[in-house]
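Summary of the model geometry
So you can see what is in the structure, the chains are spelled out below.
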Amino acid sequence: MKNYLKVVARHRSLYIFITFFYLAMGISRYAQLLLFQKHNNLINYSLSYSAMAIAGAFAFLIANNLTGWTLQKIVARTIPLYALGMFLRLYTSSPMIAIISGAISGIGASITLLVIRTWLYSLSDQYPSDKDFLISARYTIVQVCSLVSTVLAGVLITLLSNSDQGYIINIVGSSLVMLLISRIDFPGNERIQEQKKGFIYLPNNKQLGILLYLSVLILGIASSLVEPIIAAILRDISFKVATTTLLTSTFGLITILGSFFYQLPWITKVASRSFIINQTLLLLGIISYLSVFTTKTGAILVFALSSFTIAGFFILKEIMEYDMFPKNETMIYIGLVQSAFLVGDAVGSPIGTSIYTKYGLNVLFILYAVAIVISTIAYSVLYRYMKKQL
């Protein structure tokens, strides 16, 4: 514990920035959804969300042309852009404003996330002994901030339920917090690698870049087949709204516990092996459900296991990526995997929803199991190959 506190103290600027970034993001996102719902404009919210996902998936094309800039200079421009997109979501009635706000937010947020990962990787190079904790702690902060932001936003909205004041305070306040953290000093004068010519380009090893993109795309699809619709599945198998809310909240807490577990040194030191074990555990849980335990309790156990292993999935994947990316092309590779995962996530969710609606939970779990096997093998093989190329 003392060692972890020393790491946090040593990199306090990073953790302050990450904490307030994800906290403001979570508060704003929760308030936005409820505000659009209150004014019967959820279609506009979905348009904004889709625009954000699409813009975010291709934001790496812009980021590639920011090479040579300091991280401080990039954040000073992308955070205000994201804050503007958040603020524009106060206007719920216009589809055009919703799309514009989503696109602006997608570009600002995605490039900022690229900066965060580049900052993490840079510090990991400078302090190799801190690497595993630096990378894994980010996911823990994301999960804790997600839970805390939901509570904070929900309490304020409830207290001011007779008007839109609660929503406005949440959204405007979050935008202002974003603007404040854009002024946080980044240590040193860290820059992205040297500028390249052209607007769209792949890593020097283009074939490897394409293979990595496809591999992470499959990972994104696999990870989003079931997770986004867990609440809907629980309702369909006869759980009441209150019970469903309690269960989904419990799953969130399980994910937070999982994120602490997967930060343990004996797990992160062998990240690639731990990743395979993590995915195998989830696979065995699904197979057990399909074979002998097709009950409500069985489904809950699978969802609980999924909530636990999803923490390992993201933490170990990110540690593996640090180890497999060429140092002189880090930003390019981070942009590729972020784009690939966002596209996979956008594709996987509607596929999972359609399969579940048409064929039921058992068929969805079979597809989920197959996707886990394919994605884990593809990503693990590519990891080993890229490690050998370094």
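Just so we're clear, the structure is a prediction, and the values are computed from it rather than from any experiment. (Residues numbered from 1 in each chain as written. Predicted model: local features only at pLDDT ≥ 70, side-chain atom pairs only at ≥ 80, totals over all residues. Heavy atoms only, no water.)

Notes on the overall build of the protein chain
In plain terms, the rule: Each helix is a run of H or I in the DSSP string that is no shorter than four residues. Each strand is a run of E no shorter than two, and both are numbered from the N terminus. To get the radius of gyration, use the C-alpha atoms; to get the globule rule, take the number of residues to the power 0.38 and multiply by 2.2 Å. The rule is simple: take the accessible area with a 1.4 Å probe, protein chains only, and divide by the maximum for that residue type; under 20% is buried, over 50% is exposed, in between is partly exposed. Asp and Glu count as negative and Lys and Arg as positive, but His and the ends of the chain are not part of the count. Throughout, a charge is located at the NZ atom of Lys, the CZ atom of Arg, the CG atom of Asp or the CD atom of Glu.
A tally of helices and strands in the protein chain yields 16 helices and 0 strands. In terms of overall size, the protein chain behaves like a compact globule, its C-alpha atoms giving a radius of gyration of 21 Å where 390 residues would be expected to give roughly 21 Å. If you line up the protein chain on its principal axes, its C-alpha atoms span 55 × 50 × 45 Å. The burial tally for the protein chain puts 51% of its 390 residues in the buried class. When the 28 basic and 14 acidic side-chain charges of the protein chain are each reduced to a single mean position, those positions are 1 Å apart.

Re the packing of helix H14 (residues 296-324) against helix H16 (residues 361-389)
As a reminder, the rule being used: Angles run from 0 to 180 degrees between N-to-C directions of axes, and those axes are lines fitted to C-alpha atoms, restricted for helices to the stretch in contact. An angle below 35 degrees is treated as roughly parallel, one above 145 as roughly antiparallel, one from 65 to 115 as roughly perpendicular, and anything else as oblique. Crossing handedness follows the turn of the near helix against the far one: under a right angle anticlockwise gives a left-handed crossing, and clockwise gives a right-handed one. Throughout, a residue-residue contact means that at least one pair of heavy atoms, one from each residue, lies within 4.5 Å. Amino acids are sorted into nonpolar (Ala, Val, Leu, Ile, Met, Phe, Trp, Tyr, Cys and Pro), charged (Asp, Glu, Lys and Arg) and polar (every other residue, Gly among them).
Contact geometry for H14 and H16: axes closest at 12 Å, N-to-C directions at 15°. Here H14 lies roughly parallel to H16, going by the angle between them. Handedness of the H14/H16 crossing: left-handed. Residues Ala299, Val302, Phe303, Ser306, Lys317, Met320, Glu321, Asp323 and Met324 of H14 lie in contact with H16, whose contacting residues are Leu361, Phe365, Tyr368, Tyr379, Leu382, Tyr383, Met386 and Lys387. Residues that form the contact of H14 with H16 fall into these classes: 12 nonpolar, 1 polar and 4 charged.

Points about helix H3 (residues 42-57)
To keep things clear, this is the line we draw: One less than the number of residues in a helix, times 1.5 Å, gives the span that helix is expected to have.
The end-to-end C-alpha separation of H3 is 22 Å, in line with the 22 Å expected for 16 residues at 1.5 Å each. Residues Asn44, Tyr45, Ser48, Ala51, Met52, Ala55, Gly56 and Ala57 constitute the buried set of H3.

Let's talk about the packing of aromatic side chains
Spelled out, the test is: What counts as a ring pair is set by centres within 6.5 Å for rings of Phe, Tyr and Trp (its six-membered ring), and what kind of pair is set by the plane angle: stacked under 30 degrees, edge-to-face over 60, tilted for all other angles.
The final tally for this structure, using the stated rule, is 21 aromatic pairs. When the centroid spacing of 5.2 Å and the interplanar angle of 80° are considered together, the rings of Phe21 and Tyr22 count as edge-to-face. Across the pair, Tyr22 and Phe21 agree in class, each one buried. Among the aromatic residues, those joined into a cluster by ring pairs are Tyr139, Phe275, Phe313, Phe314, Phe341 and Tyr379.

Some thoughts on a nonpolar patch on the surface
Counted only if it meets this: For patch building, the residue pool is restricted to those with more than 30% relative accessible area and no salt bridge; the joining distance is 9 Å between like charges and 5 Å between nonpolar side chains (Val, Leu, Ile, Met, Phe, Trp, Tyr). Exposure was quantified through the Shrake-Rupley algorithm and a 1.4 Å probe, taking into account, for residues, occlusion by the shown protein chains and nothing else. We define a salt bridge as a contact between a side-chain nitrogen of Lys or Arg and a carboxyl oxygen of Asp or Glu at a distance within 4 Å.
On the surface, a cluster of nonpolar side chains totalling about 560 Å² of accessible area is made up of Ile218, Ile366, Val370, Val373, Ile374, Ile377 and Val381. It is H16 that contributes the most residues to the nonpolar patch, 6 residues altogether. Along the chain, Val373 falls in helix H16.

Observations concerning the nonpolar core
Short version of the rule: In plain words, nonpolar cores are sets of buried Ala, Val, Leu, Ile, Met, Phe, Trp, Tyr and Cys residues tied together by side-chain atoms within 4.5 Å.
Membership of the largest hydrophobic core comes to 74 residues, with the highest contact counts inside it found for Phe17, Phe21, Met178, Leu212 and Phe325. Of all the elements, helix H2 (residues 12-38) adds the most residues to this core, at 10 residues. Beyond its immediate chain neighbours, meaning those up to four positions away, Phe17 contacts Val75, Ile79, Thr112, Ile116, Trp119, Ile181, Ile184 and Phe186. Leu225, Leu234, Tyr356 and Leu364 belong to the second-largest nonpolar core, a separate cluster that totals 27 residues.

As for unusual backbone geometry
Phi angles above zero are rare outside glycine, and Asn40 is one such case at about 55°. Counting through the fold element by element, Asn40 comes out in the loop between H2 and H3. Judged by its relative accessible area of 70%, Asn40 falls in the exposed class.

Re the side chain of Thr309
Quick reminder of the rule: Polar contacts here mean pairs of N or O atoms no more than 3.5 Å apart (in protein, one a potential hydrogen donor and the other a potential acceptor; neighbouring residues in sequence count only if both atoms are side-chain atoms).
Residue position: Thr309 is located in helix H14. Look at Thr309 and you get buried, because its relative accessible area is 1%. A distance of 3.3 Å separates the side chain of Thr309 from the backbone oxygen of Ser306, its partner in a polar contact. In this structure, Thr309 is in contact with Tyr262, Asn278 and Leu282, ignoring residues within four places of it in sequence.

A look at the pattern of salt bridges
What the rule picks out here adds up to 9 salt bridges. For the salt bridge of Lys131 with Asp323, the shortest nitrogen-to-oxygen distance reads 3.1 Å. With a gap of 192 residues between them, Lys131 in helix H7 (residues 131-159) and Asp323 in helix H14 connect regions that are remote in the sequence. Residue class for Lys131 comes out buried when judged on its relative accessible area of 15%. Glu318 is the salt-bridge partner of Arg138, the closest N and O atoms lying 2.5 Å from each other. One end of the pair, Arg138, is in helix H7; the other, Glu318, is in helix H14, and 180 residues separate them in sequence. Looking at Glu318, the relative accessible area reads 8%, which means it is buried. Counted as one network, the salt bridges with shared partners bring together Arg117, Arg138, Lys317, Glu318 and Glu321.

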